[in-house]
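Each chain, letter by letter, is given below.
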Amino acid sequence: MYALVDGNNFYVSCERVFRPSLNGKPVVVLSNNDGCAIARSNEAKALGIAMGAPWFKIRHLAESQGLVALSANFPLYGDLSDRMMSLAAGLGHRQEIYSIDESFVDLSGVRGDLLKRSQTIRERVLQWVGIPCCIGIGQTKTLAKLANHIAKSAERKRDSYPAELAQICNLSALNRATLDAVLAATPVEEVWGVGRRIAAQLKEGGIHTVLDLTRMDLATVRQRWSVVLERTVRELQGQSCVDLQDVAPDKQEIACTRSFGRPVTALEDLSEAVSEFASRAAEKLRRQEGLANQVLTFVRTSPFRPDPQYSRSIVVPLRRPTADSSQIADAALTGLRCIYKPDFLYAKAGVMLMELQPVSVHQSELALDEEPGEGWDKGRLMSALDGLNRRYGRGTVLLGSIGLEGDRRRWAMKQERRTPQYTTRWEDMPVVRT
DNA sequence: TCTGGGGTCCTAGGACCC
DNA sequence: TCTGGGGTCCTAGGACCC
């Protein structure tokens, strides 16, 4: 059993903590450069403002409807998020922080009345942090997400669902008939994992509601769509397929990208932006104690403008894995010079770090790089190898030739027999210089 | 004039190997 | 040289999430 705790209209609620006068008013929080709305109060939603609506299309509502627009203040939101998360964690034993405003809590082993416990947590978050939140409970993460959607809709829109499901909704506590009615009242695109494209395809096939989707034949889903959607349907049926991730895995890619406030043309200006992106990305990389092997740089014009379009990216390999800002910036700028073309009106650029690895692997490789001799002994080498292989799986790192030819051949033969799927092949092994 | 900034996972197809 | 099966690796692109 899982709970999903989700802050309502999160960025707007954060702003209201410090400006209570905004309560009851239509409010939006705008993205970088005040480009578009990334959070809306209920009142703003009621005005028909869509998620991602460009500011220039809705600014007239400021005068006619008293819409208040605020520039985003991400450090503030991060801080309030931390406080909300630590309170939400009290609901169970394990927590996965899924996004800035949402966390899953594993409810297994939790005794007592789940509804009452949830109410306590909800009130605590409201009183101590000032953020209103909704809690959804279900057999699986997908059902908890769905329950949360129902809890929010029941609170915001009268008559959408039974009023007693507002704010806190435990789907597993409903009887069959009520559950079916609720699922039948929910459009299929509200399901976690069903986006616009798949929703349209499902509807074409006569699948309109969550109840329809829940009753689909698994083999058909897999055949006509994918294993991903099949997993979603299983989860809707109560079979847990997506585990709680209570320790956040290291990122596989780290990006820093921005739209410009106004079009940019000169290589000089782009270079300035790109080196800034590169060093910010490198900072994030160092925070996760990682090293990058490749740097991707991209530039693009605005797809929304009638001007000539240009969009290109390039990957520059690094000579050796690094988290050094200046090396990463050099690579990013090398890439930029390759793809830059004059005269275009560039709207956006970015830097992504790819092929990331933990620092520890690199350090151990450096240890392997040492020449045999003073300070070097086979035991140390082996324990380094063992550590790596324990941590990353057998066969992650193997020895090259340092008078261990016999070992090497035996390993190679074993590798060939096993042809393991996810271990590094012999040819790719870091080899010790002799 | 003005349209976010991050991420993940899966699949298909081609190159290549035994 | 021909034939075929089976496998891996890489890349591009699609779809989704907040």
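Residues numbered from 1 in each chain as written. Chains lettered and ligands numbered in written order. Predicted model: local features only at pLDDT ≥ 70, side-chain atom pairs only at ≥ 80, totals over all residues. Heavy atoms only, no water.

### Details of the overall build of chain A
Working step 1: Looking only at helices and strands, chain A features 17 helices and 13 strands.
Working step 2: By the burial criterion, 43% of the 434 residues in chain A qualify as buried.
Working step 3: The long-range share in chain A, meaning contacts at least 24 apart out of those at least 6 apart in sequence, stands at 63%.
Working step 4: For chain A, the exposed surface amounts to about 23800 Å²; the carbon and sulfur share of it is 49%. (Helix = DSSP H or I, 4+ residues; strand = E, 2+ residues; numbered from the N terminus. Buried < 20%, exposed > 50% of the residue type's maximum accessible area, 1.4 Å probe, protein only. Contact = heavy atoms within 4.5 Å. Areas by Shrake-Rupley, 256 points an atom, 1.4 Å probe, with all protein chains shown as cover.)

### Quick notes on the protein's contact with DNA strand C
Working step 1: In the region of DNA strand C, 15 residues are neighbours, and Glu102, Lys145, Gly193, Gly195 and Ile198 sit closest.
Working step 2: In DNA strand C, atoms within 4 Å of the protein come 100% from sugar and phosphate.
Working step 3: Between DNA strand C and the protein, one listed contact pairs a sugar or linking oxygen with a side-chain N or O atom of serine 99 at 3.4 Å.
Working step 4: Taking isoleucine 198, its main chain carries an N or O atom lying 2.8 Å from a phosphate oxygen of DNA strand C. (Near = heavy atom within 4 Å. Polar contact = N/O pair within 3.5 Å; in protein donor to acceptor, adjacent residues only side chain to side chain.)

### Considerations on the protein's contact with DNA strand B
Working step 1: The environment of DNA strand B is made up of 24 residues, and the closest members are Asn32, Ala255, Thr257, Arg258 and Arg305.
Working step 2: In this structure, a phosphate oxygen belonging to DNA strand B sits 3.4 Å away from a side-chain N or O atom of arginine 231.
Working step 3: Within the contact set of DNA strand B, a phosphate oxygen lies 2.8 Å away from a backbone nitrogen or oxygen of serine 259.
Working step 4: When contributions to the surface near DNA strand B are tallied by element, the ones reaching two or more residues are α12 (227-236) and β9 (254-264).
Working step 5: Tallied by class, the residues present in the surface near DNA strand B amount to 11 nonpolar, 6 polar and 7 charged. (Nonpolar A, V, L, I, M, F, W, Y, C, P; charged D, E, K, R; others polar.)

### Observations concerning unusual backbone geometry
Working step 1: One non-glycine residue, aspartate 34, lies in the positive phi region at around 55°.
Working step 2: You can see aspartate 34 is positioned in the loop between β2 (27-30) and β3 (37-40).
Working step 3: For aspartate 34, a relative accessible area of 33% gives the class partly exposed.
Working step 4: One non-glycine residue, aspartate 159, lies in the positive phi region at around 75°.
Working step 5: By secondary structure assignment, the location of aspartate 159 is in the loop between α7 (141-156) and β8 (168-170).

### Let's talk about the layout of surface pockets
Working step 1: Here the largest pocket defines a volume of roughly 1000 Å³.
Working step 2: Around the largest pocket, the lining comprises 31 residues; the ones closest to its centre are Asp6, Asn9, Arg40, Lys45 and Lys152.
Working step 3: Top contributing element to the lining of the largest pocket by residue count: α7, with 8 residues.
Working step 4: Looking at the lining of the largest pocket, its residues break down into 11 nonpolar, 8 polar and 12 charged.
Working step 5: Both of domain 1 (2-8 + 76-237) and domain 2 (10-72) provide at least three residues apiece to the lining of the largest pocket.
Working step 6: Within this model, the second largest pocket holds a volume of roughly 860 Å³.
Working step 7: Broken down by element, the residue count for the lining of the second largest pocket peaks at 5 residues, all from β9.
Working step 8: A breakdown of the residues in the lining of the second largest pocket according to their chemical character gives 11 nonpolar, 9 polar and 6 charged.
Working step 9: A domain-level breakdown of the lining of the second largest pocket finds at least three residues from each of domain 2 (10-72) and domain 3 (254-359 + 380-402). (1 Å grid on protein atoms, 1.4 Å probe; cavity = no way out; pocket = protein on both sides within 12 Å on 5 of 7 lines; lining within 4 Å. Points joined across faces, edges and corners; volume = space filled by probe spheres on them. Domains from an automatic or database assignment.)

### Brief notes about the pairing of β2
Looking along a regular strand, one sees side chains alternate from face to face of the sheet.
Working step 1: Burial along β2 is two-sided: the face carrying Val27 and Val29 and the face carrying Val28 and Leu30 are both buried.
Working step 2: Bridge analysis of β2 against strand β4 (residues 68-71) gives 4 bridges, and the strand direction is parallel. Across the sheet, residue valine 29 finds its bridge partner in β4, namely leucine 70.
Working step 3: Here β2 pairs with β3 via 3 bridges, running antiparallel. Of the residues in β3, the one forming a bridge with valine 28 is arginine 40.
Working step 4: Linking two consecutive strands that pair antiparallel, namely β2 and β3, is a turn of 6 residues; a positive phi of about 60° is found at asparagine 33 within it. (Pairing = 2+ DSSP bridges.)

### Let's talk about the confidence of the model for chain A
Interpretation of this model should avoid reading the predicted coordinates in detail wherever pLDDT is low.
Working step 1: With 83% of its residues at a pLDDT of 70 or more, chain A shows a mean pLDDT of 86.
Working step 2: Long-range and interchain partners of residues 369-383, a stretch whose pLDDT sits below 50, account for 15 contacts in this model, where long-range means more than four residues apart.
Working step 3: With pLDDT under 50 throughout, residues 385-434 is counted as low confidence; its partners more than four residues away or in other chains account for 59 contacts. (pLDDT = per-residue confidence, 0-100.)

### Details of the sheet that holds β3
In any sheet, the strands associate via hydrogen bonds between backbone groups, in a parallel or an antiparallel arrangement.
Working step 1: Ordered by their spatial adjacency, 3 strands build an open sheet running β3-β2-β4, and the pairing between neighbours is mixed. Either end of the sheet is taken by a strand with one partner, and the two such strands are β3 and β4. Sheet twist, expressed as the mean angle between neighbouring strand axes with direction ignored, is 30°.
Working step 2: Helix-sheet contacts for helix α1 (residues 10-18) involve β2, β3 and β4, and the interaxial angle to β2 is about 105°. (Axes fitted to C-alpha atoms, helices over the stretch in contact; angles between N-to-C directions.)

### Thoughts on the packing of aromatic side chains
Working step 1: Evaluated as defined, the whole model comprises 11 aromatic pairs.
Working step 2: Where phenylalanine 104 meets tryptophan 192, the ring centres are 5.5 Å apart and the plane angle is 40°; that geometry is what we call tilted. Of this pair, phenylalanine 104 sits in strand β6 (residues 102-106) while tryptophan 192 sits in the loop between α8 (176-184) and α9 (196-204); the two residues are 88 residues apart in sequence, bridging distant segments of the chain.
Working step 3: A relative accessible area of 24% places tryptophan 192 in the partly exposed class.
Working step 4: Through pairs of rings, three or more aromatic residues link up here, namely Phe10, Tyr11, Phe74 and Tyr77.
Working step 5: When the ring centre of phenylalanine 104 is taken as reference, the NZ or CZ atom of lysine 141 above it lies at 4.8 Å. (Phe/Tyr/Trp six-rings, centres within 6.5 Å; stacked < 30°, edge-to-face > 60°. Lys NZ or Arg CZ within 6 Å of the ring centre and 35° of its normal.)

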